[in-house]
Amino acid sequence: MQNASKAKSKKPKKTKEDAEEEEPEEEEGEQQLKGPDLKLASRRDMYTICQSAGLDGLAKKFGLTPEQFGENLRDSYQRHETEQFPAEPLELAKDYTCSQFGTAEAVLDGTRYMVAMQIAREPLVRHVLRQTFQERAKINIKPTKKGRKDVDEAHYGYSFKYLKNKGVKELSGEQFLRMCQAEGEGLLSISICIDLVGVKGYGDQTYFEEIKQFYYRDEFSHQVQEWNRQRTLAIEHALKHFLYPQMAKELTNKLLAEAKDSIIKACGRKLYNYLKVAPYRPDQQAEEEDEDEDLVAETQGKGMRVLGLAFSSSRDSPAFCALVNSDGEMGDFLRLPYFLKRRNAWKEEDREH
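Rules behind the numbers
- One numbering rule holds for all chains: residues counted from 1, following each sequence as written.
- Under the rules for a predicted model, residues below a pLDDT of 70 receive no local features and side-chain atom pairs below 80 are neither given nor counted, while totals for whole chains, interfaces and linings still include all residues.
- Based on all heavy atoms of the structure, the side-chain values leave hydrogens and waters out of the count.
- Under the scheme used here, helices are H or I runs from DSSP no shorter than 4 residues and strands are E runs no shorter than 2 residues, and both carry numbers assigned from the N terminus.
- For the exposure calls, accessible area comes from a 1.4 Å probe over protein chains only, and a residue counts as buried if that area is under 20% of its type's maximum, exposed if over 50%, partly exposed in between.
- Contacts were defined at the residue level, with two residues in contact if any of their heavy atoms lie within 4.5 Å.
- What sets the accessible areas is the Shrake-Rupley method with a 1.4 Å probe; for residues, cover comes only from the shown protein chains.
- A pair of aromatic rings is counted whenever rings of Phe, Tyr or Trp (Trp by its six-membered ring) have centres within 6.5 Å, and the orientation is called stacked for planes under 30 degrees apart, edge-to-face for over 60 and tilted otherwise.
- Charges are assigned to positions over rings by a cutoff of 6 Å between ring centre and Lys NZ or Arg CZ, combined with an angular limit of 35 degrees from the ring normal.
- Patches were defined on residues exceeding 30% relative accessible area and lacking a salt bridge, with like-charge contacts within 9 Å and nonpolar side-chain contacts (Val, Leu, Ile, Met, Phe, Trp, Tyr) within 5 Å.
- Take a side-chain nitrogen of Lys or Arg and a carboxyl oxygen of Asp or Glu: if they are within 4 Å of each other, that pair is a salt bridge.
- What qualifies as a polar contact is a pair of N or O atoms within 3.5 Å, subject to a donor-acceptor requirement within protein and to the restriction that residues adjacent in sequence count only when both atoms come from side chains.
- Two strands form a pair only when DSSP identifies at least two bridges running between them.
- Helix axes are fitted to C-alpha atoms over the stretch in contact, other axes to C-alpha atoms as well, and angles between N-to-C directions run from 0 to 180 degrees.
- Within this scheme, the nonpolar core is defined by two criteria: the residues are buried Ala, Val, Leu, Ile, Met, Phe, Trp, Tyr or Cys, and they are joined through side-chain atoms within 4.5 Å.
- The predictor rates its confidence in each residue with pLDDT, a number between 0 and 100.

Asks: Whenever I open this one, the overall build of the protein confuses me. Can you help?
Replies: The helix and strand tally for the protein stands at 14 helices and 6 strands. For the protein, with 353 residues in total, the buried portion stands at 28%. Partitioning the intrachain contacts of the protein with sequence separation of at least 6 by distance along the chain shows that 64% fall at a separation of at least 24. With the model as given, the accessible surface of the protein reaches about 25000 Å², and the carbon-plus-sulfur share is 50%.

Here it is, written out as structure tokens:
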């Protein structure tokens, strides 16, 4: 019995081929074990919560799709008229209450958020708004507490310490780059907006007032006015919370790139002016000088030579001279250890030894 049990316990030896065939099976087993552990991250943003609560059905009753609103905005007139649902929004919102949105007001808040997000994500709306924002954008700058003290008349940021409603088209050169540099140092605060700030009696109509009429139904019943108020709040939310901040960020990056390009072009023009100078012609200069014929003959035979002197501001460092011939080869050099020292200096370390 013991011999039989030992015979059962013995296993056949594995060959190399069997081991190679079993390795892929083990890898597949490992992959199967690792597979269920990898899970995609679930999105739980506000839009997804509203969508899972079924508020997109109420959002479709606002009267216009984002594409239709974008076409109205592009053509600057109400190409698509706003459809009117035959029920007041507050009464209709009661049918969509749930655990996430317990009241009708909360349902309307979530629905307005969905409509605002849909408008802000519409490519045609973003295209039109981007063009208008870059044409009308204005810069406002105020100094911080540190900037009011540090930015004086000698500071590079004094010329734009206070700016109000300055159009971006009026910027030139590297001016915006200096503004951003001062903001990075904590001296100034920059804001870019599309409307005039602090101006009364002129230009009171904002861009929001211009475009809200494209998502509006011109009737005077209480039901229509309530829907118009919901549409207006949705557009205002889309502009202030989604579109305006992103357009300001895009414009800031664009202005920074243009300022850097202007500096690169200015450096290129400066370098070109250095390089476009005609080559040095020593023979003509030697002929024009009124000197002895022997000196002229000697310089024409050996070519003009250039003597260069280099020294450091430290008095302990010696100065050096180098003599270069017309071929660019150094012919001779000289070390001057006492070049910056004087014989009658008041300090002993400055005197010539």
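Asks: Help me out: how do you make sense of the packing of aromatic side chains in this one?
Replies: Both the distance between ring centres and the angle between the ring planes are used here to describe each pair of aromatic rings. Overall, the coordinates contain 4 aromatic pairs when judged by the stated rule. With centroids separated by 6.2 Å and ring planes inclined at 40°, the aromatic side chains of phenylalanine 133 and tyrosine 244 adopt a geometry described as tilted. In this pair, phenylalanine 133 is assigned in helix α8 (residues 123-136) and tyrosine 244 in helix α12 (residues 222-275), connecting sequence segments 111 residues apart. For phenylalanine 133, a relative accessible area of 1% puts it in the buried group. On the accessibility criterion, tyrosine 244 (16% relative accessible area) is buried. Seen from the ring of phenylalanine 85, lysine 61 lies directly overhead, with NZ or CZ sitting 5.4 Å from the centre.

Asks: What am I meant to see in unusual backbone geometry here?
Replies: As a rule of thumb, non-glycine residues mostly have phi less than zero, and peptide bonds are mostly trans rather than cis. Positive phi outside glycine occurs at serine 76, with the angle close to 60°. Here the phi dihedral of asparagine 165 falls at roughly 60°; this positive angle occurs in a residue that is not glycine. Relative to the helices and strands, asparagine 165 resides in strand β2 (residues 163-167). Judged by relative accessible area, which is 18%, asparagine 165 ranks as buried.

Asks: I tried to follow the environment of serine 76 on my own but got confused; where do I start?
Replies: Tracing the backbone shows serine 76 in the loop between α5 (66-75) and α6 (89-93). The spatial distance from the C-alpha of serine 76 to the C-alpha of isoleucine 211 is 8.2 Å, given a sequence separation of 135 residues.

Asks: Looking at this model, I keep getting lost on a nonpolar patch on the surface. Mind explaining?
Replies: A cluster of nonpolar side chains, Leu271, Tyr274 and Leu275, forms an exposed patch at the surface whose accessible area comes to about 380 Å². Within the element layout of this structure, leucine 275 appears in helix α12.

Asks: Sorry if this is basic, but what is going on with the side chain of threonine 82 here?
Replies: Structurally, threonine 82 can be placed in the loop between α5 and α6. By relative accessible area, threonine 82 is classed as buried at 2%. At a separation of 3.4 Å, a polar atom in the side chain of threonine 82 contacts the main-chain carbonyl oxygen of tyrosine 216. In this structure threonine 82 touches Phe62, Gly63, Leu64, Tyr215, Tyr216, Arg217 and Arg231, once residues within four positions along its chain are discounted.

Asks: Where do I start with the pattern of salt bridges in this structure?
Replies: Note on pairing: side chains with opposite charge can pair once their charged atoms come close. Within the structure shown, the criterion is met by 12 salt bridges. We note a salt bridge from arginine 112 to aspartate 109, for which the minimum N-O separation is 2.2 Å. With arginine 112 and aspartate 109 both in helix α7 (residues 104-120) and 3 residues apart, the pair spans about one turn of that helix. For aspartate 109, a relative accessible area of 41% puts it in the partly exposed group. Note that glutamate 250 and arginine 130 form a salt bridge whose closest N and O atoms lie 2.8 Å from each other. Within this pair, whereas glutamate 250 is found in helix α12, its partner arginine 130 is found in helix α8, the two being separated by 120 residues in sequence. Arginine 130 gets classed as partly exposed once you look at its relative accessible area, which sits at 25%.

Asks: In this structure, what is going on with the sheet that holds strand β3 (residues 188-193)? I would like to understand it.
Replies: In sheet architecture, strand pairing relies on hydrogen bonds along the backbone and comes in two forms, parallel and antiparallel. Read across the sheet, 3 strands follow the order β2-β1-β3 without closing on themselves; strand pairing throughout is antiparallel. Edge positions in the sheet fall to β2 and β3, since each of these pairs with one other strand and no more. Across the sheet, the axes of successive neighbouring strands diverge by a mean angle of 20°, strand direction being ignored.

Asks: Explain the side chain of lysine 166 here, please?
Replies: Secondary-structure assignment places lysine 166 in strand β2. Among the residues examined, lysine 166 registers a relative accessible area of 17% and is labelled buried. Setting aside residues up to four positions removed in sequence, lysine 166 forms contacts with Ala137, Lys138, Ile139, Leu171 and Gln175.

Asks: Honestly, the nonpolar core in this entry has me stumped. Any pointers?
Replies: Generally speaking, soluble globular proteins have nonpolar side chains that are buried together. Among the nonpolar cores identified, the biggest contains 63 residues, and Phe133 and Phe176 are the most heavily contacted of them. In contact with phenylalanine 133, other than residues within four places in its own chain, are Ile192, Cys193, Ile194, Tyr244, Met247, Ala248 and Leu251.

Asks: How should the pairing of strand β6 (residues 330-336) be read in this particular structure?
Replies: On a regular strand, one side chain projects to one face of the sheet and the next to the other, so that they alternate. Here 6 bridges tie strand β5 (residues 319-324) to β6, and the two strands are oriented antiparallel to one another. Within the sheet, the bridge partner assigned to alanine 319 lies in β6 and is leucine 336. Here β5 folds back onto β6 in antiparallel fashion, the turn holding 5 residues, of which glycine 328 has a positive phi close to 85°.

Asks: Please clarify how the confidence of the model for the protein should be interpreted in this entry.
Replies: Any region with low pLDDT has predicted coordinates that should not be read closely. Chain-level pLDDT for the protein is 83 on average; 76% of the residues reach the 70-or-more range. Contacts from residues 1-12, a stretch scored under 50 in pLDDT, to residues over four places away or in other chains number 0 contacts. Counting contacts from residues 19-35, a segment whose pLDDT is below 50, to residues more than four positions away or on other chains yields 1 contact.

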